[in-house]
Amino acid sequence: MAIFHLSAKIVARESGRTALGAAAYRSGETLVQDGIGGVTHDYSRKDGVVHTQIMAPSHAPEWVYDRSRLWNEVDRMERRKDAQLAREIEVALPVEMRFGEQMELLQSFVSREIVSRGMVADIAVHHDNPKNPHAHILLTLREIGPDGFGLKQRDWNRRELVAVWRESWAAHVNEARAMCGQ
């Protein structure tokens, strides 16, 4: 049986954070905050980011695949000073697997457990430490439709959902390792 790690936390405005800043850091990119003084979040010198990708439901508008526009829109939608902006899931990737196998595992999990629920997922894979390959998955908290974001989904904040994700991640890791002969 594999050792796995999945943790979840909220990106909240009351702690002085923005969704765009969180996305810039995790993706190792430079992103400019629209409408909030034009703050530039520059993490382009961050080492170890080996892959970034946005996954979304098939009915989502095309603009969700633009990281800057996606997270600027999230920051604009949430007006309260104590707003929850996004959820971050961090998962450890099995060190024994090749990069392509890690990606298949991660994309399968995100597709089955997150995107299928209607969330947009912004994935950043980090290999900054050879003994700790991992992925950050930044999730929207509002349902997405063809016309953009709708209502916040309170069910996505349930602790039980994180427990489901942990169980599912463990099963995905064990299944993938068995298929790789490990």
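The following refers to the structure shown. Every chain begins its residue count from 1, and numbering advances along the sequence as written. Selection of residues for local features in this predicted model requires a pLDDT of at least 70, selection of side-chain atom pairs for listing and counting requires 80 or more, and totals for whole chains, interfaces and linings are taken over all residues. Note that the side-chain values use all heavy atoms of the structure and ignore hydrogens as well as water.

**Describing the packing of helix α1 (residues 19-27) against helix α2 (residues 67-77)**
A fitted line through C-alpha atoms serves as each axis, taken over the contacting stretch for helices, and the angle formed by two N-to-C directions is quoted from 0 to 180°. Strands are runs of DSSP state E lasting at least 2 residues, helices are runs of H or I lasting at least 4, and numbering of each runs from the N terminus. Axis separation between α1 and α2 bottoms out at 8 Å; the angle between their running directions is 150 degrees. The orientation of α1 with respect to α2, classified from their angle, is roughly antiparallel. Residue-level inspection shows Ala19, Leu20, Ala23 and Ser27 of α1 in contact with α2, the latter providing Arg67, Ser68, Trp71, Asn72, Val74 and Asp75. Throughout this entry, Asp, Glu, Lys and Arg are counted as charged residues, while Ala, Val, Leu, Ile, Met, Phe, Trp, Tyr, Cys and Pro are counted as nonpolar. The remaining residues, Gly among them, count as polar. In terms of residue class, the contact of α1 with α2 is built from five nonpolar, three polar and two charged. Orientation labels follow simple angle bins: below 35 degrees gives roughly parallel, above 145 gives roughly antiparallel, 65 to 115 gives roughly perpendicular, and whatever is left gives oblique. We call two residues in contact when some of their heavy atoms are within 4.5 Å.

**Remarks on α2**
All of the buried residues along α2 are Arg67, Leu70, Trp71, Asn72, Val74 and Asp75. A 3.5 Å cut-off defines polar contacts: any pair of N or O atoms within that distance qualifies, except that in protein one atom must be a possible hydrogen donor and the other a possible acceptor, and neighbouring residues in sequence count only when both atoms are side-chain atoms. At the N-terminal end of α2, a side-chain oxygen is found 3.1 Å from the backbone nitrogen of Ser68, two or three residues along, and the residue is Asp66. Only protein chains enter the calculation, and the probe is 1.4 Å; a residue is then buried if its accessible area is under 20% of its type maximum, exposed if over 50%, and partly exposed in between.

**Observations regarding the pattern of salt bridges**
It is possible for side chains bearing opposite charge to pair when their charged atoms get close. Here, a salt bridge means any Lys or Arg side-chain nitrogen found within 4 Å of an Asp or Glu carboxyl oxygen. Within this structure, the stated rule accounts for 12 salt bridges. For the salt bridge of Arg142 with Glu78, the shortest nitrogen-to-oxygen distance reads 2.6 Å. Here Glu78 lies in the loop between α2 and β5 (84-92) and Arg142 lies in strand β8 (residues 142-145), a separation of 64 residues in the sequence. Overall, the relative accessible area of 9% leaves Glu78 in the buried class. Salt bridges linked by common partners bring Lys9, Arg26 and Glu88 together as one network.

**As for the sheet that holds β5**
Strands in a sheet are paired, the pairing made by backbone hydrogen bonds, and the direction either parallel or antiparallel. Here five strands make up an open sheet; going across it, the order is β1-β5-β7-β6-β4 and the pairing antiparallel. Where the open sheet ends on each side, the last strands, each with one partner, are β1 (6-12) and β4 (49-55). Ignoring which end each strand starts from, the neighbouring axes of this sheet average 20 degrees apart. A pair of strands is treated as paired once DSSP finds two or more bridges between them. Note: β4 against strand β6 (residues 121-126), six bridges, orientation antiparallel. What sits directly across from Gln53, in β6, is Ile123. Across the sheet, α2 is in contact with β4, β5, β6 and β7 (134-139); its angle to β4 comes to roughly 60 degrees. Contacting β1, β5 and β7, helix α4 (residues 159-179) runs over the sheet at an angle of about 140 degrees to β1.

**Overview of empty space enclosed by the protein**
Here a cavity denotes a set of grid points, spaced 1 Å apart and computed over the protein atoms alone, in which a 1.4 Å probe fits but from which it cannot get out, and a pocket denotes an open set meeting protein on both sides within 12 Å along at least five of seven lines; residues with an atom within 4 Å of a point are reported as lining. Grid points are joined across faces, edges and corners, and a volume is the space filled by probe spheres set on the points. Going through the model one piece at a time under the given rule, you end up with three cavities of 30 Å³ or more. As a volume, the largest cavity reaches approximately 50 Å³. The wall of the largest cavity is formed by Ala22, Ala23, Arg26, Ser27, Arg67, Asp122, Ile123, Ala124, His136 and Leu138.

**Concerning the packing of aromatic side chains**
The geometry of an aromatic ring pair is captured by two quantities: the separation of the ring centres and the angle between the planes. Put simply, two rings from Phe, Tyr or Trp (the six-membered ring, in Trp's case) pair if the centres are within 6.5 Å, and we call them stacked under 30 degrees between planes, edge-to-face over 60, tilted for the rest. A complete count under the given rule lists three aromatic pairs for this structure. Centre to centre, the rings of Tyr25 and Tyr43 are 5.1 Å apart; their planes meet at 90 degrees, and the pair counts as edge-to-face. Separated by 18 residues along the polypeptide, Tyr25 in helix α1 and Tyr43 in the loop between β3 (40-42) and β4 bring together distant segments of the chain. On the basis of relative accessibility, which here comes to 38%, the residue Tyr25 falls in the partly exposed class. Exposure remark for Tyr43: the relative accessible area of 31% places this residue in the partly exposed category. A ring pair is formed by Phe109 and Trp169, whose centres lie 5.1 Å apart and whose planes are at 70 degrees; its orientation type is edge-to-face. Placement of Phe109 in helix α3 (residues 99-113) and of Trp169 in helix α4 is noted, with a sequence separation of 60 residues between them. Classification of Phe109 as buried rests on a relative accessible area of 0%.

**Here's the deal with the side chain of Thr18**
Note that Thr18 resides in the loop between β1 and α1. Here Thr18 falls in the buried class, since its relative accessible area comes to 18%. Among the polar contacts made by the side chain of Thr18, one reaches the main-chain amide nitrogen of Gly21 at a distance of 2.9 Å. For Thr18, the side chain forms a polar contact with the side chain of Gln33, separated by 3.2 Å. Beyond its immediate sequence surroundings of up to four residues, Thr18 is in contact with Val11, Gln33, His41, Asp75 and Leu85.

Just distances and angles here, no functional claims.
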